Amino acid sequence: MLEPYYITVIFISMGAAFFSGLLGIGGVIIVFPSFLYLMPFLGFKHFTVNEITGIAAIQSFAGIFFSYINHRKIGNINVKLVKTVLPIGLIGGVAGAVSAKFFSEQNLLIIYMILLVIATT
């Protein structure tokens, strides 16, 4: 049987992933605040900013993969555009993931907050 901590993590992940997929918004708006503030609010230990960044990256990757499969089936994907953008997106994703270890948690938090403000305007 799963501990309450893991059940909470699963439900937060499912909820964040659902709204990310439904609304087309990701880590900054849904996943990051959910794990940063909701876990301590519910009385559980909090994740570090770097751990949340990893969680958001994995959930984003899963969302992109399954959205691509689903939308391609119904013909809503411009495959030529995907082939053009995908290599650059992969390079940017790997560069971001590798460089994240060189940023302090405070700097990552500032970046997240700036992106959140930009997203809300």
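So, how was this worked out
- Residues numbered from 1 in each chain as written.
- Predicted model: local features only at pLDDT ≥ 70, side-chain atom pairs only at ≥ 80, totals over all residues.
- Heavy atoms only, no water.
- Axes fitted to C-alpha atoms, helices over the stretch in contact; angles between N-to-C directions.
- Helix = DSSP H or I, 4+ residues; strand = E, 2+ residues; numbered from the N terminus.
- Parallel < 35°, antiparallel > 145°, perpendicular 65-115°, else oblique.
- Contact = heavy atoms within 4.5 Å.
- Nonpolar A, V, L, I, M, F, W, Y, C, P; charged D, E, K, R; others polar.
- Patch = residues over 30% accessible without salt bridge, like charges linked within 9 Å, V, L, I, M, F, W, Y side chains within 5 Å.
- Areas by Shrake-Rupley, 256 points an atom, 1.4 Å probe, with all protein chains shown as cover.
- Salt bridge = Lys/Arg side-chain N within 4 Å of Asp/Glu carboxyl O.
- Phe/Tyr/Trp six-rings, centres within 6.5 Å; stacked < 30°, edge-to-face > 60°.
- Buried < 20%, exposed > 50% of the residue type's maximum accessible area, 1.4 Å probe, protein only.

**A few points about the packing of helix 3 (residues 49-73) against helix 5 (residues 105-120)**
Phase 1: Two elements in contact, helix 3 and helix 5, have axes separated by 9 Å at closest approach and are oriented at 50°. If you check the angle between helix 3 and helix 5, you find them oblique. Touching Val49, Asn50 and Thr53 of helix 3 are Glu105, Leu108, Leu109 and Tyr112, all from helix 5.
Phase 2: Among the residues forming the contact of helix 3 with helix 5, the class breakdown is four nonpolar, two polar and one charged.

**Side note on a nonpolar patch on the surface**
Phase 1: A contiguous nonpolar surface patch, about 840 Å² in accessible area, is contributed by Val94, Val98, Phe102, Phe103, Ile110, Ile111, Ile114, Leu115 and Ile118.
Phase 2: Element by element, the count of residues in the nonpolar patch is highest for helix 5, at five residues.
Phase 3: On the secondary structure map, Ile114 appears in helix 5.

**A word on the packing of aromatic side chains**
Phase 1: Throughout the structure, instances matching the rule amount to six aromatic pairs.
Phase 2: With 5.3 Å between their ring centres and 80° between their planes, Tyr5 and Tyr6 make a pair best called edge-to-face.
Phase 3: On the basis of relative accessibility, which here comes to 16%, the residue Tyr5 falls in the buried class.
Phase 4: Judged by its relative accessible area of 44%, Tyr6 falls in the partly exposed class.
Phase 5: When the ring of Phe35 is compared with that of Phe47, the centres are 5.4 Å apart and the planes differ by 80°; the resulting orientation is edge-to-face.

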